[in-house]
Amino acid sequence: MTGYLLRRVAQLIPVLFIVSVLLFVLLRLLPGDPTTSILGQEASAADRAALRADLGLDAPLWRQFVDWIGGVLTGDLGSSWLTGEPVAGVIVDRLPATVELGLIALLLAVAIGIPAGVLAAVRRRTATDHALTGIGVLALSTPHFYLAALLIGVFAIWLRVVPPSGYVPFTEDPAGNLVRMVLPAVTVGSTVVAVVLRQTRGSLLAALGEDYIRTAQATGIGRRRIVTVYALRNAMVPVVTVTALQIGALMSATVVTETIFTLPGMGTLIVNGIFSRDLPVVQGAVLVVVTFVLLVNLVTDLIYAWLDPRITY
Amino acid sequence: MAAPSFPHPSHRPALTRRALLGGGVALIAAGALAGCGSGDSAGAKGRGGTLTVGFDNEPTTLDPALSSAISSDRSVLNLFYDTLLRQQRDGSFVPALAEKWTVEGTTVTFTLRAGVTFHDGTPFDAEAAAFNLRRVIDPATKSTKAGALKKLAAVDVVDPRTLRLTLKATDPLLLVQLAHEPGMMASPTAVKAGEYGRKPVGTGPFVFDAWRSKVQLTGKRNPKYWRKAADGTALPRLDQVVYRFVTDTKVLRAEISTGGVQLVRVLPPEEFGQLKSDRQVVLEDIGVRRSYYVALNTTRAPFNDPKLREAFAMAVDRAGVGKAAAAGEFDLAPSFATRNDWFFDGSITPPPLNPAKAKAALGGRPVPITVVARRRAPDPTIAELLQSQLTAAGFDPKVEVLEAQTQLDRMRKQDFDAALLVIDIPRLDPSLSFDPYFASKGSNNWSGLADAELDGLLEKAVGTEDRAVRKQAYVDVQRRIVGQNYWVFLHQPRSPLIHSAKLTGIVLNVDGQWRLDEAELAS
Amino acid sequence: MPVDTTPTRAARRPVLTRLLRDRRARFALPVLAAVVLAAAASPLISARSRATDTERLLAGPSGRHPLGTDELGRDVLARIVDGATVTVAVATVAVGAALVLGTLLGLFAGYRGGWLDAVLMRTVDGLLAFPLLVLALTVVAALGPGLRNALIAIAVVTTPRFARVVRAEVLSLRTREWVSAAHIVGLPTPALLRRHLLPHLAGTLFVFAALQASTAIIAEASLSFLGLGVQPPQPSWGAMVAAGTDHLDASWSLSVFPGLAILLTIAAFNLLADALRDALDAHRPDLTPAR
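Quick caveat, the model's predicted, so the values are computed rather than measured.

Quick notes on the rules
- Residues numbered from 1 in each chain as written.
- Chains lettered and ligands numbered in written order.
- Predicted model: local features only at pLDDT ≥ 70, side-chain atom pairs only at ≥ 80, totals over all residues.
- Heavy atoms only, no water.
- Helix = DSSP H or I, 4+ residues; strand = E, 2+ residues; numbered from the N terminus.
- Buried < 20%, exposed > 50% of the residue type's maximum accessible area, 1.4 Å probe, protein only.
- Contact = heavy atoms within 4.5 Å.
- Areas by Shrake-Rupley, 256 points an atom, 1.4 Å probe, with all protein chains shown as cover.
- pLDDT = per-residue confidence, 0-100.
- Phe/Tyr/Trp six-rings, centres within 6.5 Å; stacked < 30°, edge-to-face > 60°.
- Lys NZ or Arg CZ within 6 Å of the ring centre and 35° of its normal.
- Pairing = 2+ DSSP bridges.
- Axes fitted to C-alpha atoms, helices over the stretch in contact; angles between N-to-C directions.
- Parallel < 35°, antiparallel > 145°, perpendicular 65-115°, else oblique.
- Nonpolar A, V, L, I, M, F, W, Y, C, P; charged D, E, K, R; others polar.
- Buried area = accessible area lost by both parts, 1.4 Å probe.
- Salt bridge = Lys/Arg side-chain N within 4 Å of Asp/Glu carboxyl O.
- Polar contact = N/O pair within 3.5 Å; in protein donor to acceptor, adjacent residues only side chain to side chain.
- Core = buried A, V, L, I, M, F, W, Y, C linked by side-chain atoms within 4.5 Å.
- Left-handed = near helix turned anticlockwise from the far one by under 90°.

### Comments concerning the overall build of chain A
And step 1. Each helix and strand counted, chain A has 12 helices and zero strands in total.
And step 2. Its helices and strands taken in sequence order, chain A reads α-α-α-α-α-α-α-α-α-α-α-α from the N to the C terminus.
And step 3. Taken over 313 residues, chain A has a buried fraction of 54%.
And step 4. Taking the intrachain contacts of chain A between residues at least 6 apart in sequence as the baseline, contacts between residues at least 24 apart amount to 71%.
And step 5. Of the roughly 13700 Å² of accessible surface on chain A, 68% is carried by carbon and sulfur atoms.

Here you go:
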């Protein structure tokens, strides 16, 4: 196990290196002069040239990359071209909104997805099952921007029960924060809930078909006990795996959702950074997100390997 | 030179009294003073309170010398900074940090107000003022405002209360510039401490409190503010101002109608309809317009040919564009002049809409053109409509919707045929609207103009302070631009001031940016 | 249940029969057929879908405009039909390119092994760790907006997914007896891949392609929603929803109908994938709809 763990962690290093190179090169391919967003559209050519030199943009590309990656290795993500703030500080500022969004979405997934999945499995092929699986497919098939637009239209503009946007840090005003996070979290959570629902139903049905369950039934253990104690416990392994693998997709969802609800999270940080050509911010933020996703995948794999005796290291 | 709304030095006993009291006591004293001083004149209106502003265009820096937005940053900077003199809405100047000034040829002498301190306690004196102006013109600062003070040759401190500026040549715009960003006074102590752009320290009505990027910016009442209201009461009246940075116009609309914010910088016209029926919200037309235009690239075919430029102008249904993109809330005007501007002349008109004639001028073959537009509502919509109108008139238009930097890059390289853009008007002076775009050496001469007649007119207009001569020159400038169809000016959507009915006392700059030192909220 | 491992023709036939009996497939196939038909009809209707009319902005449904008009007075129904082209292009061209490229890479990596496999798979890991939309957004921003570039971006983000699935399949198949047997008999590698592995992979790839089509359509719609997808005058459903959300007060229907078109198409692909997977009896987590 230790050897396997070390091998998996060691594999992360080349992946992260490849990601850094890809990210850096891809961002340098973006057209448009980044100094335009800093100096405004009426700046003179001389001013823009001076600023480019200041930002180190006239150095050769490999040199810029080495400088950046050297900084990253020593814990310095550089400074925003636009505002001059240190990138690490900006990211720390933006993390809470995204983390909260992700956590509420996962919470919804557990609180709604699992019970609904169990219900659909035990009521297999009934109207309840069809309705629940139908809702699941619907949720999976609704683009986040569409769901967000519908939710804003109904709850914020028509019924006016929640504010359409804005963000208050949880630490400053917990109630105000939660009220504003409801719609974005439902938007992001819709997919995760559906995925968990489908997976719970599927693996529970599979588990209920296993030999040991039949044995348990033969011994006269109650159905409820069989489902909750024996089958569900075994069915949970793939559910946990699939949920964890949704973390990456969750990050994609927050990009669109944060943009629509104007939440100051990592998604809006990255998108606005791309649009305003604030490359150090985009590089830092994407690197943090990618590293996080890779770590979650790694931990998931390890847990899976640890739980499933059939996997050999 | 003294203006009625500004206190004479003799009006300052309160300040002296407060200066004798210290710290926290001063705050209470100021509150009490304001309370009894207001008396009947304030009536039912409340003092204090927090004003929340919905603002779509977050500044990238609060250092006025480095601010890059053409004007919108000023609505934020005015919270924290004062200038030597103020320009009022009608264009006239009144004293601010300078009590008086004299202009003799190329020398301008300011007598500074005594007893003013920056928020960090640094005294405001001639040294501090000179520090700020020298900083702007110092090439090492790389100030975005250096060009505005380019005629400034020397800044001399005569004595602590006297500042003398020496110019290379007379400059009719010098006082205008000094009354806005280039002349804003920042604390030298704070500037020298570094990382200044995110923690501004001025002498203004509000003290910087906090700034969370993309979220909000907070300013707290400056209890030691030097300025008094016309009735002698203390300013500012609000306890706190919060700018919430919200870019989504739907959200801004919803926030102003639910009272989440009490003042909004700008909203697109399609949002007006609902607000007009809302009695809690005031839409006040302050003459500010957004001027949409199409710049034609005259350096290459097809638009190096005046005939084809005219065909373009005849193909565009400007009223139709206004209807679709500004919900009917627009004016049609010949150029960057609004109907209220002193250089407006309604007799200048572009060629009338005539797609058939345009088609004939093209010679029967579709003329391929590339239109570059910005990826920001409603520009893509306008571009789509233009595409449809141009196709009907025999062009073969390809629309590219780009991000700001990419679009400007293309325009600077003159790699486009037609470019759709917008500016906010009026600007502080017409030269600031026309010179960058139409002078052959202008920074934004995207059309690639080299028109000696136009250059001569533009120079004539800034060479004098005689309003009549300037007006004639600018009318001729506009006649030339429109006559040659260098640009095709589209519609001018209205951009009213939108605020809660409870909010009063907003003071506006010439170009519609606001000051909030006299603002108050009814409880 | 053991997966059917013999790559014979006979084993395929019941799959189709089973598929056609599936209620999910019976919903999905007509929907997808309608989308393809709409795309085929779009040349006939593109003039109508692009004709602006400033006298009739944001009009409600009427006899002349069954779903009303948009912010430039264009017929919404015609634009939805015209917009199907984009969706079909995404599902066929972008996903098709990713399928071919990803399969080749996966086969190559899985079969060849060694350091090339290691490098390829680490790159795939890296690409898959990017949030899909961020990667697509950056690619489009770098290449410039437009349908062709959006298709390239979607192919770029989808290819590694195919590569990973195919490689895993190859690795598991390699250990099977009949593959080793064919190898021992002396069948050259390309022939082995073509004759034995690919047919076996086909089922998995069908299901996976249907799933990726739904992801790709969402990605294109999201790009268009953010203004980076298809450029005017070509309509796209995502861009139509975006325009509709700008005019929610004036016309609720403007964003609802193109949104429904996206939703139905994606649901059809997801249900088709479910039905196919059940028909093929290939129950694996990566063959179930998830974004």
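### Notes on the confidence of the model for chain B
And step 1. Averaged over every residue, the pLDDT of chain B is 88; residues scoring 70 or more account for 91%.
And step 2. With pLDDT under 50 throughout, residues 1-45 of chain B is counted as low confidence; its partners more than four residues away or in other chains account for 47 contacts.

### Some thoughts on helix H9 (residues 237-246) of chain C
And step 1. When you tally the buried positions in H9(C), you get eight out of 10 residues, the bulk of the element.
And step 2. Restricting attention to buried positions, one finds in H9(C) the residues Trp237(C), Gly238(C), Met240(C), Val241(C), Ala242(C), Ala243(C), Gly244(C) and Thr245(C).
And step 3. The inward-facing, buried residues of H9(C) contact helix H7 (144-158) of chain A, helix H7 (249-258) of chain B together with helix H2 (23-50), helix H3 (76-112), helix H8 (189-225) and helix H10 (253-280) of chain C.

### Description of the packing of aromatic side chains
And step 1. Following the criterion strictly, the structure yields 33 aromatic pairs over all chains and no others.
And step 2. Taking 5.9 Å as the distance between ring centres and 75° as the angle between the ring planes, the aromatic pair formed by Phe118(B) and Phe124(B) counts as edge-to-face.
And step 3. On the basis of relative accessible area, Phe118(B) is assigned to the buried category, the value being 2%.
And step 4. Ring centres 6.1 Å apart and planes at 45° place the aromatic pair Phe303(B) and Phe395(B) in the tilted group. A residue pair is termed long-range when its members are at least 10 positions apart, and Phe303(B) in the loop between strand S13 (289-296) and helix H9 (306-315) and Phe395(B) in strand S16 (residues 395-402) qualify at 92 residues. Across the pair, Phe395(B) and Phe303(B) agree in class, each one buried.
And step 5. Taken together, the ring pairs connect Tyr293(B), Phe336(B), Trp342(B), Phe343(B), Phe434(B), Tyr437(B), Phe438(B), Trp446(B), Tyr474(B), Trp487(B) and Phe489(B) into an aromatic cluster.
And step 6. It is Arg28(A) that lies over the ring of Phe24(A); its NZ or CZ is 3.8 Å from the centre.
And step 7. The ring of Trp211(B) carries Arg198(B) above its face, with NZ or CZ at 3.8 Å from the centroid.

### Comments concerning the pairing of S16(B)
Residue and element names in this part refer to chain B.
And step 1. With respect to burial, S16 is a largely interior element, six of its eight residues being buried.
And step 2. The sheet contact formed by strand S15 (residues 367-374) and S16 spans eight bridges and is parallel. Bridge pairing in S16 places Val 367 opposite Phe 395.

### Topic: the packing of helix H5 (residues 87-122) of chain A against helix H11 (residues 266-275) of chain A
All names here are of chain A.
And step 1. Close contact between H5 and H11 brings their axes to 7 Å; oriented N to C, the two are set at 130°. Judged by the inter-axis angle, H5 sits oblique to H11. Residues Val 90, Ile 91, Arg 94, Leu 95 and Thr 98 of H5 touch H11, and the partners they reach there are Met 266, Gly 267, Thr 268 and Leu 269.
And step 2. Of the residues assigned to the contact of H5 with H11, the class counts are five nonpolar, three polar and one charged.

### Side note on the interface of chain B and chain C
And step 1. Of the residues lining the interface, 21 residues belong to chain B; the matching set on chain C comes to 22 residues.
And step 2. At the boundary of chain B with chain C, total buried surface from both sides reaches about 1600 Å², with 52% on carbon and sulfur atoms.
And step 3. Sorting the residues of chain B by area buried against chain C places Lys250(B), Lys323(B) and Glu384(B) first, and these three jointly supply 30% of that buried surface.
And step 4. One can count three salt bridges joining chain B with chain C.
And step 5. Across the pair Glu55(C) and Lys323(B) runs a salt bridge whose closest N-O atoms are separated by 3.0 Å.
And step 6. Counting every contact that joins chain B to chain C gives five residue pairs in polar contact (both at pLDDT 80 or more).
And step 7. Those elements that provide at least two residues to the side of chain B that touches chain C are H7, helix H10 (318-325), helix H12 (379-392) and S16 of chain B.
And step 8. In terms of residue count, the dominant contributor to the side of chain B that touches chain C is H12(B) (five residues).
And step 9. Looking at side-chain class alone, the side of chain B that touches chain C contains six nonpolar, five polar and 10 charged residues.

### Description of the nonpolar core
And step 1. Phe145(A) and Leu204(A) are the most contacted members of the largest nonpolar core, which has 180 residues in total.
And step 2. When residues in this core are grouped by element, the largest group, 18 residues, is from H8(C).
And step 3. Apart from the residues within four sequence positions on either side, Phe145(A) is in contact with Val256(A), Ile260(A), Ala221(C), Ser222(C), Phe225(C), Gly238(C), Val241(C) and Ile262(C).
And step 4. The next biggest cluster of nonpolar side chains, apart from the first, holds 68 residues, and it includes Leu112(B), Leu152(B), Leu167(B) and Val201(B).

### Brief notes about the confidence of the model for chain A
And step 1. Summing up the model confidence of chain A, the mean pLDDT is 86 and the portion of residues at 70 or higher is 96%.
And step 2. Per-element confidence in chain A is highest for helix H6 (residues 127-141) of chain A, whose mean pLDDT is 94, and lowest for helix H9 (residues 211-218) of chain A, whose mean pLDDT is 74.

### Let's talk about the interface of chain A and chain C
And step 1. Counting from both sides, the interface comprises 50 residues of chain A and, opposite them, 47 residues of chain C.
And step 2. Here chain A and chain C share an interface that buries about 3700 Å² over both sides, 76% of which is from carbon and sulfur atoms.
And step 3. Viewed at the interface, chain C and chain A are joined by one salt bridge.
And step 4. Its salt-bridge partner being Asp274(C), residue Arg198(A) comes within 2.6 Å of it at the nearest N-O pair.
And step 5. Counting the contacts that link chain A with chain C gives seven residue pairs in polar contact (both at pLDDT 80 or more).
And step 6. The dominant element in the side of chain A that touches chain C, judged by the number of residues it contributes, is helix H10 (residues 223-261) of chain A, at 10 residues.

### Examining the sheet that holds strand S7 (residues 162-167) of chain B
Residues and elements named next belong to chain B.
And step 1. The strand order across the open sheet formed by four strands is S4-S5-S7-S6, and the pairing between neighbours is antiparallel. Only two strands of the sheet have a single partner each, and these edge strands are strand S4 (98-104) and strand S6 (152-159). Across the sheet, the axes of successive neighbouring strands diverge by a mean angle of 15°, strand direction being ignored.
And step 2. Two strands pair when backbone bridges link them, and strand S5 (residues 107-112) and S7 are joined in this way by five bridges, in the antiparallel orientation. Bridged to Thr 109 within S7 is Arg 164.
And step 3. Helix H4 (residues 126-137) contacts S5, S6 and S7 of the sheet and is inclined by roughly 170° relative to S6.

### Some remarks on the side chain of Arg289(B)
And step 1. Along the polypeptide, Arg289(B) turns up in strand S13.
And step 2. Ignoring any residue separated from it by four or fewer positions in sequence, one finds Arg289(B) in contact with Asp331(B), Thr338(B), Ile423(B), Asp424(B), Ile425(B), Gln492(B), Pro493(B), Arg494(B) and Ser495(B).

### Digging into the sheet that holds strand S18 (residues 487-489) of chain B
All names here are of chain B.
And step 1. The strand order S16-S15-S17-S13-S18 describes an open sheet built from five strands, whose pairing is mixed. Looking along the sheet, the strands with just one partner apiece sit at the ends: S16 and S18. The average undirected angle you get between the axes of adjacent strands in this sheet is 30°.
And step 2. With three bridges connecting them, S13 and S18 associate as antiparallel partners. Across the sheet, the residue bridging to Tyr 293 is Phe 489, located in S18.
And step 3. In this fold H9 packs onto S13, S15, S16, strand S17 (418-425) and S18, with an angle of close to 75° to the strand it touches most, S16.
And step 4. Packing of helix H13 (residues 404-412) onto the sheet brings it into contact with S15, S16 and S17, and relative to S15 it is tilted by some 140°.

### So, the pattern of salt bridges
And step 1. Within the structure shown, the criterion is met by 56 salt bridges over all chains.
And step 2. Asp117(C) is the partner of Arg167(C) in a salt bridge, and the nearest nitrogen-oxygen pair spans 2.7 Å. Pair noted here: Arg167(C) is in helix H6 (residues 147-174) and Asp117(C) is in helix H4 (residues 114-129), with a separation of 50 residues, a long-range link.
And step 3. Classification of Asp117(C) by relative accessible area gives buried; the value is 10%.
And step 4. Each of Lys276(B), Asp285(B), Arg289(B), Glu329(B), Asp331(B), Arg339(B) and Arg494(B) takes part in salt bridges that share partners, so that together they form one network.

### Comments concerning the packing of helix H14 (residues 430-438) of chain B against helix H16 (residues 467-484) of chain B
Residue and element names in this part refer to chain B.
And step 1. Close contact between H14 and H16 brings their axes to 12 Å; oriented N to C, the two are set at 35°. Judged by the sense of rotation from one axis to the other, the crossing of H14 with H16 is left-handed. Residue-level contacts link Pro 430, Ser 431, Phe 434 and Phe 438 of H14 to Arg 470, Tyr 474, Val 477, Gln 478 and Ile 481 of H16.
And step 2. Within the contact of H14 with H16, the residues separate by chemical class into six nonpolar, two polar and one charged.

### Some words on the environment of Ile45(C)
Residue and element names in this part refer to chain C.
And step 1. With respect to the helices, strands and loops of the structure, Ile 45 is situated in helix H2.
And step 2. When the C-alpha atoms of Ile 45 and Ala 168 are compared, they prove to be 45 Å apart, with 123 residues separating the residues in sequence.
And step 3. Residues in contact with Ile 45, not counting those within four places in the same chain, are Ala 78, Val 81 and Asp 82.

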